[in-house]
Amino acid sequence: MESFQSPYGSPLNRSQSLMSGLEKTPPTCTKPTHSRSSSTASSRHSRNIKDWEVMDDLQMDMTSADILQDLTAPGICEGYLLKRRKWPLKGWHKRYFVLETGILRYSKTQQDIYRGKLHGSLDVSLAVMSINKKSHRIDLDAGNLLYHIKAKSHELFYIWVTKLSAHRMFKKNEAANQQNGFLQTVSQDTSGTGQSQMNDMQDVSFHQQFYSTSGSYTGEVATPTPSEFHPGVNRKVSAWLQQTHDPDSCAQELNRCQLDLSELNRLVQRLNVLEGGQQAFSNGELQRIISMQNLSLEKPKKSRSCKIWGHSRTLSRVDALGMVRQLSSSHLNSSSQLGASAPTISDYAPSIPDYVYSQLSPQTNTPLEGRRIQQEFITVSQRVHVSLASVHEALAQERVRLQDTYHQSTALAETASGDLSRRTPSVTDSAAEYFDANDDVLNGSSSESGESGLSDGTTTNSEPEEGHASATREYRASISKAPSSVVPKNTGRRSALPAHCPDNAHVGLMQILYNNIGKDLSRVSMPAALNEPVNLIQRLCEELEYSDLLDTANNTQDLYQRMVYIGAFAVSGYATAHYRHRYKPFNPLLGETYECLRQDKGFRFVSEQVCHHPPISACHADSDNFSLWQDQRWKNKFWGKSLEIMPTGMVNVTLPRFGDHYEWNKVVTCVHNVLSQQRYLEHYGEVVIRNLNSDACTCKLTFVKSRYWGSDTNKNEVQGTVLDQTGSTIHRFGGLWHEGIFCDTFPTPQCIWKPNPQPKDYYLYYGFSNFALELNELTPDLKPLLPPTDSRLRPDQRMLEEGRVDDCDKFKEDVEERQRERRKQLAKKGEEHVPRFFKKAVDSCGRDVWLTNGTYWKIRENPGFANTKNLELW
Ligand SMILES: CC(C)CCC[C@@H](C)[C@H]1CC[C@H]2[C@@H]3CC=C4C[C@@H](O)CC[C@]4(C)[C@H]3CC[C@]12C
């Protein structure tokens, strides 16, 4: 294993004190992670609801293997944080927090903790965790307890969030394991007496507690009849329960819906009454509404315990807004005489009761009132919509899993009978199937979540544009009708790898990732079974799979249309990610190179690992129609469940015919569910493509962040616009990054790009496309022409390709050790590694860039790499 120094000083492992803060600033996070539409999102005290996101529940979407694997407690995390004072006092005070085995304790000082003088403790697995990246705030809402905490710096915030996530997951998995143990005990008991089923009362009570509100589970499992203990069935049920999201969440969501519907009903009545000029509520009615929302009509006394008002467990700020508006519109003679200015979001700093009271003073009907009620109506109906959508999504997920389980058992039977060609469909496959079937259900609902108060955690630059969602639906339909490209047969290139990919479900990723928090993933060595037999400098070449789009651009006179092709090319590089979430590319060694000469496609490509601290891969490709170069570096952030990858280098393309020089940034890639087998990738953010030689035309691409947690129906959407100098839209295009791009503003609307069909059995070959399958192919005629540093000659990667996973592991360690040795030697001599084929330069914006030095192909031709001095990397 490589033992690289963490950019934060030292790796965060077993026990770490965060008192001193950390040294290095990670990049400012451009996008939030996933977030979940949930009304709990509103249990927070912030002026801007959009800055908050609820961290996903972590416990239930891991496979049994993950759960059984990852039972090691994450490291202790401790240090000073700011804790919000309990109501009615405002402000923050410094407290010492210790997070250990899922329990967060705090005291005034570190000494107090050790003296046992605790101020409070909370089981983090029982709390809803909301975070605000902007203000470094974390809210832990455990129903009876609510902690508002704040970190002093971005780094501390990031570490606490990650650690809290880890501990939540650990605690929940521990619980799930107990439950699993119980279910297994139960399922193993086939004696028919049912005696041992009840032996472990602890487990039973645990289970009852676990599913206390879920009648069906409790009923079935806690009081079983002997005939119910069919071992196979119970094992399946047990596995199923482990993966199922909180069974109550759907019911809760529906309950909320019901409340909202009655609120809508009342609003309609209110509108009717307004028209008739009568009073809407009697005091009795109002009281009922208020008690329903857990609001007391008593004016709060200063000394009241924070439990009543200090948090919004039952009354979110948004709910409060709705209620407040409702209340203010009624003619209630309340005891309060406080002022009654119109509510704005920024009025939300005072506590809810103060606010409510401020609104309770008598008011006269204003002409605005009808409008306000209408607005309220819209807000509540949007909330209903979002709730129903999330229930729909939860059910959809269950359906996908059900399908998957079904296919898996069929495939198992097939494997047992020796038929490997018909592979087990992946989750992605079945999800895609579902996606198509439900196309119409949720599309078109794109921009509603923002106003509803149910934060979806998106930031503006990955938010969909109004009206684009329905366009996307049409684009998809058109793309699906467009002919797929036919993969040419008999290219002489290989169409499969020598061996199938290894199963890596058993590899415990949790420990690896938690022990490397803050490190670049590209510097963390992982077991070979997690790798795919290509490396990152080869993957750079993969982004050229659809280089024909650049050829077309170079042959398109119209500058705006040309830009559409460039935009489609920028999207096309992401397509492969749809199938590539199970393995990680090899980390290139410093000085490692890769060439790809594609006469059929008309380009030649060279890449080199030019820097190790930070890891930077540079590449350059030439053809008659274009030149392309980029240097790729990326930072990753591990949020406990998902991993965000933030690339920083720019992509450059020049078109010789028009003298264009395009430059664009890359978006964030997020590996969702990184620890589980349900992993998938999402790209989000905005790409701006500029022509550095002319400002006549720019292109904006938005990779839309999926709106609902776990949603399959709005995934992978991309929206593009080509703008002229004045900012007017000339072309509009879009689609999905894994399905294709359609432009309806071309003289003839057309599909601009559609990914090639995946090869047969791609699932068995790491999800590789045909182009990816060919990347590491080593033909006898090529071998003597390559420099010995070429990735194709890297033995460990070749071993993996051949299915020799253990050999690969050993050799990989060797190779990494040798790399460390080389670095030490260089450092001793006070020298720095000098890349062979790229040179460092500074671009027009003052950024460091790596450009080709133009020597690779020349040396290759004459004198040939066999006749030069080369680095010996392995
Ligand atoms: C721990 C392992 C098994 C989980 C799998 C991680 C995989 C999915 C991660 C590891 C490295 C990642 C790649 C790192 C860098 C980039 C460049 C960026 O511009 C596009 C995404 C891309 C190409 C990432 C795709 C996802 C990726 C391949």
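Small disclaimer: the values here were computed from a predicted structure and weren't measured. (Residues numbered from 1 in each chain as written. Predicted model: local features only at pLDDT ≥ 70, side-chain atom pairs only at ≥ 80, totals over all residues. Heavy atoms only, no water.)

Regarding the overall build of the protein chain
From N to C terminus, the protein chain includes 24 helices and 28 strands. Taking all 874 residues of the protein chain together, 57% fall into the buried category. The long-range share in the protein chain, meaning contacts at least 24 apart out of those at least 6 apart in sequence, stands at 67%. For the protein chain, the exposed area adds up to about 36,100 Å²; of that, 52% sits on carbon and sulfur atoms. (Helix = DSSP H or I, 4+ residues; strand = E, 2+ residues; numbered from the N terminus. Buried < 20%, exposed > 50% of the residue type's maximum accessible area, 1.4 Å probe, protein only. Contact = heavy atoms within 4.5 Å. Areas by Shrake-Rupley, 256 points an atom, 1.4 Å probe, with all protein chains shown as cover.)

Remarks on helix α23 (residues 805-829)
Look at α23: 36 Å from first C-alpha to last across 25 residues, which is about the 36 Å you get at 1.5 Å a residue. Buried within α23 we find V805, C808, K812, V815, E816, Q819 and R820. A positive phi of about 70° marks G830, the residue just after α23. (Expected span 1.5 Å × (residues − 1).)

Looking at helix α20 (residues 559-572)
Compared with an ideal rise of 1.5 Å per residue, which puts 14 residues at 20 Å, α20 spans 20 Å between its outermost C-alpha atoms and is within 8% of the ideal. Summarising burial for α20: 12 of the 14 residues are buried, a large majority. Looking at α20, one finds that the buried residues are Q561, R562, M563, V564, Y565, I566, G567, A568, F569, A570, V571 and S572. The N-cap residue of α20 is D558: its side-chain oxygen and the backbone nitrogen of Y560 are 2.9 Å apart. (Polar contact = N/O pair within 3.5 Å; in protein donor to acceptor, adjacent residues only side chain to side chain.)

Describing the site of the ligand
Of all residues adjacent to the ligand, which total 17 residues, the nearest are R539, W634, I645, K666 and T669. In this structure, an oxygen atom belonging to the ligand sits 3.4 Å away from a side-chain N or O atom of K666. Split into classes, the residues belonging to the shell around the ligand amount to 10 nonpolar, 2 polar and 5 charged. (Near = heavy atom within 4 Å. Nonpolar A, V, L, I, M, F, W, Y, C, P; charged D, E, K, R; others polar.)

Comments concerning the packing of aromatic side chains
Aromatic ring pairs are defined here through the distance separating the ring centres and the angle between the ring planes. Here the structure, examined in full by the defined rule, presents 18 aromatic pairs. Judged by centre distance (5.8 Å) and plane angle (75°), the rings of Y565 and F746 are edge-to-face. Of this pair, Y565 sits in helix α20 while F746 is found in the loop between β25 (740-743) and β26 (750-753), placing the two residues 181 residues apart along the sequence. Residue Y565 shares its accessibility class with F746, and that shared class is buried. Three or more aromatic residues link up through ring pairs in this structure, and these residues are F837, Y856, W857 and F865. The lysine or arginine in question, K715, covers the ring of Y680, its NZ or CZ lying 3.9 Å from the ring centre. (Phe/Tyr/Trp six-rings, centres within 6.5 Å; stacked < 30°, edge-to-face > 60°. Lys NZ or Arg CZ within 6 Å of the ring centre and 35° of its normal.)

Remarks on the pattern of salt bridges
Under the counting rule described, the total for this entry stands at 34 salt bridges. We note a salt bridge from D744 to R732, for which the minimum N-O separation is 3.0 Å. Within this pair, whereas D744 is found in the loop between β25 and β26, its partner R732 is found in strand β24 (residues 729-736), the two being separated by 12 residues in sequence. For D744, a relative accessible area of 28% puts it in the partly exposed group. On the basis of relative accessibility, which here comes to 27%, the residue R732 falls in the partly exposed class. Overlapping salt bridges, with partners in common, bring together R493, R598, D600 and E774 in one network. (Salt bridge = Lys/Arg side-chain N within 4 Å of Asp/Glu carboxyl O.)

Things to note about the pairing of strand β7 (residues 128-132)
Taken across its 5 residues, β7 has 4 buried, putting it largely inside the fold. As paired strands, strand β2 (residues 52-54) and β7 are joined by 3 bridges and run antiparallel to one another. Considered in β7, the bridge of W52 is made with N132. With 5 bridges connecting them, β7 and strand β8 (residues 137-141) associate as antiparallel partners. What sits directly across from M129, in β8, is L140. In sequence, β7 turns back onto β8 through a hairpin of 4 residues, with H136 there showing a positive phi of about 60°. (Pairing = 2+ DSSP bridges.)

A look at the confidence of the model for the protein chain
Fine structural detail should not be taken from predicted coordinates in areas where pLDDT scores are low. For the protein chain, per-residue confidence averages 73 on the pLDDT scale, and residues scoring 70 or more make up 63% of the total. Low pLDDT, under 50, characterises residues 286-364; the predicted model gives this stretch 136 contacts beyond four residues in sequence or across chains. Under the prediction, the complex receives an ipTM of 0.98, its pTM being 0.60. (pLDDT = per-residue confidence, 0-100.)

Comments concerning the environment of S125
For S125, the position within the fold is in the loop between β6 (120-123) and β7. Classification of S125 by relative accessible area gives buried; the value is 11%. A sequence separation of 22 residues divides S125 from I103, and the C-alpha atoms of the two residues are 8.2 Å apart. Beyond its immediate stretch of four places on either side in the chain, S125 contacts G102, R168, K171 and K172. Polar contacts involving the side chain of S125 include one to the side chain of D123, which spans 2.7 Å.

Details of the side chain of N504
Structurally, N504 is set in the loop between α16 (468-481) and α17 (509-515). Look at N504 and you get buried, because its relative accessible area is 5%. Among all residues touching N504, those that are not within four sequence positions of it are A529, L530, R582, Y583 and Q677.

Here's the deal with unusual backbone geometry
In this model, H613 is joined to P614 through a cis peptide bond whose omega is 0°. Checked against the element boundaries, P614 lands in the loop between β13 (603-612) and β14 (615-623). Within the chain, D761 stands out as a residue other than glycine whose phi angle is a positive 60°. By secondary structure assignment, the location of D761 is in the loop between β26 and α21 (770-775). Within the chain, Y766 stands out as a residue other than glycine whose phi angle is a positive 60°. Mapping Y766 onto the fold places it in the loop between β26 and α21. For Y766, a relative accessible area of 1% gives the class buried.

Comments concerning the pairing of strand β21 (residues 680-691)
Two faces make up the sheet, and in a regular strand the side chains alternate between them. Counting buried residues in β21 gives 9 out of 12 residues, a clear majority hidden from the surface. Two elements, strand β19 (residues 660-664) and β21, share 3 bridges in a ladder whose sense is antiparallel. Each bridged residue has a counterpart across the sheet, and for Y662 the counterpart in β21 is N691. As defined by bridge partners, strand β20 (residues 668-672) adjoins β21 across 5 bridges and the pair is classed as antiparallel. Among the inter-strand pairings, V668 is bridged to a residue of β21, identified as Y684. Here β21 pairs with strand β22 (residues 697-703) via 6 bridges, running antiparallel. In the strand pairing of β22, I689 is matched with C699. The antiparallel pairing of β21 with β22 creates a hairpin that spans 5 residues between the two strands.

A word on the side chain of K641
Looking at the element boundaries, K641 is found in the loop between β16 (634-638) and β17 (643-647). Polar side-chain contacts of K641 include one of 3.2 Å to the side chain of N673.

A short note on the environment of V128
On the secondary structure map, V128 appears in strand β7. Taking relative accessible area as the criterion, V128 reaches 24% and is therefore assigned partly exposed. Separated by 73 residues in the primary sequence, V128 and M55 have C-alpha atoms spaced 7.6 Å apart.

Comments concerning the environment of P787
With respect to the helices and strands, the residue P787 is situated in the loop between α21 and α22 (795-801). A relative accessible area of 0% means that P787 is categorised as buried. Measuring from C-alpha to C-alpha, the distance between P787 and Y856 comes to 9.6 Å, with 69 residues separating the pair along the chain. Setting aside residues no more than four positions away along its own chain, P787 makes contact with T593, L793, Y856 and F865.

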